[in-house]
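Here are the chains, one letter per residue:
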Amino acid sequence: MKHVYVVAGVVIALALGVQTAVAQTLKTVKERGSLSCGVSQGLPGFSTPDDKGNWTGLDVDVCRAIAAAVLNDPAKVKFVPLSAKDRFTALQSGEIDVLSRNTTWTLSRDTSLGVNFTGVTYYDGQGFLIRKSLKVNSALELNGASICVQTGTTNEQNVSDYFNGNHMKYELIAFGTADETVKAYESGRCDVFTSDISQLYSIRLKLSAPGDHAVLPEVISKEPLGPLVRHGDDQWFDIVKWTLFAMINAEELGVTQKNVDEMAKSSKPDLKRMLGTEGNLGEQLGLTKDWVVRIVKAVGNYGESFDRNVGAGSNLGISRGLNQLWNKGGIQYAPPIR
Amino acid sequence: MASEARKAPLQFGIKLRRILCGRAGWTGLVLQIVFAALIVWLGYEIFANAKANLQNQRVASGFGFLSQTAGFGVSQSLIPYSESDTYARVFLVGLVNTLVVAAVGIVFATLIGFAVGVGRLSRNWLVARISGGYVELIRNLPLLFQILFWYLAVLGALPGPRQSISLFGEIFISNRGLVIPRPIPHDSLTAFLVAIVVAVVAALALRAYARRKLFREGQLMTIWPYVLALLIGLPLFVVLAFGTPFSIEVPQLKGFNFAGGLRVVPEFVALALALSTYTAAFIAENVRAGIQSVPHGQMEAGESLGLSHGATLRLIVVPQAMRVILPPLTNQYLNLTKNSSLAVAIGYPDLFSVFAGTTLSQTGQAIEIIAITMGVYLLISILTSVAMGLYGRRVNRSLSR
């Protein structure tokens, strides 16, 4: 029943006023000395605590990068695990400063929820995980299937669109948390587990016999996942947005965790601007000149973080695909730092 | 009545003062007004502040979302529902699901609770110990744990639909739930139902007549052959005259699941089972306490009249015990209804899950939705207490007669 208290607390917080926290997030974070970052309740590759209780993952790296840029210490992050249905309320109420929790960017969320999406950390799409023993090779063969889904996600509505669009029947059973959903799928309550494909790969690793389950080829939706902040604080919006852009630009310019100090000595103008040896771009954001150096030292560039958490260097082994840089065949593209 | 002299009505001012000031006099009244004003002001501040904050963040507010399209599927709905319906419809679907599971839970909790409560006092050693063990085991384990136990360990362990357990080839039990044949009504159903109602009413009237005869004239009438003839004969006559009232649709395995028939989803079964067994343990204790509150002499008196043990319990002890049992029984009914919101853990689409869960996260309108949900639970609880209060008054009146 934890979520009841979260929601109740949030309603009270909204009602009793968090007005000061709204406008000056940067100041609040600096005074507090730590960043409060909303993450998932445990999704390997994106945000999950390891056996020592340290949070790791692509979404976690974004939090650490922000902490590095703002507080000069990637460890000064308080991670707040949130279920899909509690995440927006936690952000609206000021319980967290930024939500970095594999959250899909949609118009209605960007407007009526009172939040701003800052960019895309991972281009994803929704798919289906199914037992190999059912011998289903396509999502179009799923007529009449029982489908497990986590409540509070875009996945619930996508399933409805896909099945109705293809004149198929289905039974949707929605659970409160990811763990409950997985348990129900494992117990055989559902034929299919649906979620963003990256999550399906991540969850498959958690199952007792990962080899017995397969992800169907169909991708039924666009799920651009990214960090988001509250409406009403443009400076903080800029900081979060450009932290992610800095990671992507660093990869594009070949700046890595190892070579960042050497690159800072480079005479190339774009490197000098980005790494703060020329101009005052960091200060324009309300940060220091070496903000990008701090970020890259803390978590590496976007490609390094991707490989370490979800890519070739991780258990998940997901290929870059759409998340490759724009000049290498993908669509990851960040505006220039200048 | 009319001969009794009436007291002069109190002056209005004195009456008001008595109601409002108690013993403290006018200062007390002033304090109470100040206190009430303070609460109203606090409420207003909360409301105004929330509104200002929401506008600052440009979060949508108001109740317009209720007419927007929901766009998500719900696994159990007793009223027609599709994804193109509105959030208001989702609210209704969730409300009906909550009411159904609460009603079923209350009926079974009461039956099990009374049986176990009486069982604890049984002279049979084994029955008394089993009942005692049941109460101690069930009421000391967390409810959420029991719900998950029923759902994952018991129902989840059932075979899949393709290997489902079949009873007579018509009822199927699997981890997709219980599938039973569905009656499809024909035109003659109305006549059939009317016949049943008429038969039941006639049987009841006959019973009332027999009782009156027994109490007034001391004549015992044998009525059961007539009752049986009424209850079976009348509907049978209608079936012969108008044809069968409905046909049976037997469920058949098609693809992933069963087509046709009526299906009870396992989420409902698990939740209803957990709620009724859990609450029954508490009701059993209330029943035991109630029965023990009746002086032992009543039992002896009943038996000395030649009534059997069971008849003494039923006719003498339980009616008196009801006076003690009812108030805590109401509490248990309210608890059960509110506890049904744990449904979200196993994906049963109750009010809390589909409205304060999915709808809330899709629209982000926490304040409105939580307010509506709280209001609804409050209303259900108040209606339950009022109903139980009325029943309690009847019990008390019949005892003091």
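Worth saying up front: this structure is predicted, and the values here are computed from it rather than measured. (Residues numbered from 1 in each chain as written. Chains lettered and ligands numbered in written order. Predicted model: local features only at pLDDT ≥ 70, side-chain atom pairs only at ≥ 80, totals over all residues.)

> Give me the lowdown on the overall build of chain A, citing residues and values where you can.
Scanning chain A from terminus to terminus reveals 15 helices and 14 strands. Against the 2.2 N^0.38 benchmark of 20 Å for 338 residues, chain A shows a C-alpha radius of gyration of 20 Å, consistent with a compact globule. Split into buried and exposed, the 338 residues of chain A put 54% on the buried side. A sequence separation of at least 24 residues applies to 74% of the contacts in chain A between residues at least 6 apart. (Helix = DSSP H or I, 4+ residues; strand = E, 2+ residues; numbered from the N terminus. Rg over C-alpha atoms; globule rule 2.2 N^0.38 Å. Buried ≥ 20, exposed ≤ 12 C-beta atoms within 10 Å, placed from the backbone. Contact = placed C-beta atoms within 7 Å.)

> Tell me what's going on with the sheet that holds strand β9 (residues 145-150) of chain A, and back it up with residues and numbers.
Residues and elements named next belong to chain A. Pairing is mixed across the open sheet formed by five strands, whose spatial order is β10-β9-β11-β8-β12. Lying at the two open borders of the sheet, with one neighbouring strand each, are β10 (170-175) and β12 (213-215). Neighbouring strand axes in the sheet, compared pairwise and without regard to direction, differ in orientation by 30° on average. As judged from the five bridges shared by strand β8 (residues 126-131) and strand β11 (residues 192-196), these two strands associate in the antiparallel manner. Note that in β11 the partner of I130 across the bridge is V192. Together, β8, β11 and β12 form the strand contacts of helix α9 (residues 197-206), whose direction differs from that of β8 by roughly 30°. (Pairing = 2+ DSSP bridges. Axes fitted to C-alpha atoms, helices over the stretch in contact; angles between N-to-C directions.)

> Which residues make up the nonpolar core, and what are the values?
Formed by 163 residues in total, the largest nonpolar core has its most connected members in I66 and I295 of chain A together with A270 and L271 of chain B. For this core, the element with the highest residue contribution is helix α8 (residues 266-293) of chain B, accounting for 16 residues. Contact partners of A270 of chain B, with chain neighbours within four places excluded, come to I147, W150, Y151, L155 and I346 of chain B. (Core = buried A, V, L, I, M, F, W, Y, C linked by C-beta atoms within 7 Å.)

> A description of the domain arrangement of chain A should follow, citing residues and the corresponding values.
How large an interface is tends to be reported as the accessible area lost when its parts come together. Residue and element names in this part refer to chain A. When the domains of chain A are assigned, the result is domain 1 (2-123 + 225-328) and domain 2 (126-221). Relative to domain 2, the C-alpha centre of domain 1 lies at a distance of 29 Å. The residue inventory of the side of domain 1 that touches domain 2, partitioned by class, reads seven nonpolar, eight polar and one charged. (Domains from an automatic or database assignment. Nonpolar A, V, L, I, M, F, W, Y, C, P; charged D, E, K, R; others polar.)

> Quick rundown of unusual backbone geometry? Include the residues and the values.
All names here are of chain A. Although it is not a glycine, N72 adopts a positive phi angle of roughly 60°. Structurally, the position occupied by N72 is in the loop between α4 (58-71) and β4 (77-81). On the neighbour-count criterion, N72 (15 C-beta atoms within 10 Å) is partly exposed. Of note, H167 is a non-glycine position whose phi angle comes to about 50°, a positive value. Its place among the elements puts H167 in the loop between α7 (154-165) and β10. By the C-beta count within 10 Å, which is 7 here, H167 ends up exposed.

> Which residues make up helix α4 (residues 125-139) of chain B, and what values do they have?
For α4 of chain B, spanning 15 residues, the distance from its first C-alpha to its last is 21 Å, which sits close to the expected 21 Å at 1.5 Å a residue. In this structure, the buried residues of α4 of chain B make contact with α3 (87-120) and α8 of chain B. (Expected span 1.5 Å × (residues − 1).)

> Describe the interface of chain A and chain B, with residues and values.
Taken residue by residue, the interface counts 47 residues in chain A and 39 residues in chain B. Looking at the side of chain A that touches chain B, the elements with two or more residues in it are α1 (2-16), α2 (19-23), α5 (87-92), β9, α7, β10 and α8 (178-186) of chain A. Counted by class, the side of chain A that touches chain B contains 20 nonpolar, 19 polar and eight charged residues.

> Describe the sheet that holds strand β8 (residues 262-264) of chain B, with residues and values.
Backbone-to-backbone hydrogen bonds pair the strands of a sheet. The strands run either parallel or antiparallel. All names here are of chain B. Reading across the sheet, the four strands line up as β1-β2-β3-β8 and stay open at both edges, with antiparallel pairing between neighbours. The outermost strands of the open sheet, each flanked by one partner alone, are β1 (165-167) and β8. This sheet shows a mean twist of 15° between the axes of neighbouring strands, independent of strand direction. Note: strand β2 (residues 171-174) against strand β3 (residues 177-180), three bridges, orientation antiparallel. Among the inter-strand pairings, F172 is bridged to a residue of β3, identified as V179.

> Which residues make up the pairing of β8 of chain A, and what values go with them?
Residue and element names in this part refer to chain A. Across the six residues that make up β8, a large majority, five, are buried. As paired strands, β8 and β12 are joined by three bridges and run antiparallel to one another. Bridge pairing in β12 places L129 opposite V215.

> Quick one: what's the story with the packing of α8 of chain B against helix α10 (residues 309-339) of chain B, residue by residue and with numbers?
Residue and element names in this part refer to chain B. Between α8 and α10, whose axes approach to 8 Å, the crossing angle comes to 155°. For the element pair α8 / α10, the angle class is roughly antiparallel. The two elements α8 and α10 meet at a crossing, and its hand is right-handed. When α8 is examined against α10, the residues L275, T279, F282, I283, N286, V287, A289, G290, I291 and S293 are found in contact with a partner set consisting of V317, A321, M322, V324, I325, P328, L329, Q332, N335, L336 and N339. Within the contact of α8 with α10, the residues separate by chemical class into 14 nonpolar, seven polar and no charged. (Parallel < 35°, antiparallel > 145°, perpendicular 65-115°, else oblique. Left-handed = near helix turned anticlockwise from the far one by under 90°.)

> Residues and numbers for α7 of chain A, please.
With twelve residues, α7 of chain A should reach 16 Å at 1.5 Å per residue; the first-to-last C-alpha distance of 16 Å fits that figure. Turning to α7 of chain A, the residues buried within the fold contact β8, β9, β10, β11 and β13 (223-225) of chain A together with α11 (351-363) of chain B. Downstream of α7 of chain A by one or two residues, H167 of chain A has phi in the positive range, about 50°.

> Describe in detail the environment of G43 of chain B, supporting the description with residues and values.
Looking at the element boundaries, G43 of chain B is found in helix α2 (residues 25-57). In this structure the C-alpha to C-alpha distance between G43 of chain B and M322 of chain B, which are 279 residues apart in sequence, comes to 41 Å.

> Which residues make up the environment of I96 of chain A, and what values do they have?
Residues and elements named next belong to chain A. Within the element layout of this structure, I96 appears in the loop between α5 and β5 (98-99). Through-space distance from the C-alpha of I96 to that of P81 is 10 Å; in sequence the pair is 15 residues apart. Residues contacting I96, with those up to four places away along its chain left out, are S36, C37, G38, V80, A90 and L91.

> Quick rundown of the packing of α3 of chain B against α8 of chain B? Include the residues and the values.
Residue and element names in this part refer to chain B. Between α3 and α8, the least distance of the axes is 6 Å, while the angle of their chain directions is 40°. Between α3 and α8, the crossing angle belongs to the class labelled oblique. In terms of crossing hand, the pair formed by α3 and α8 is right-handed.

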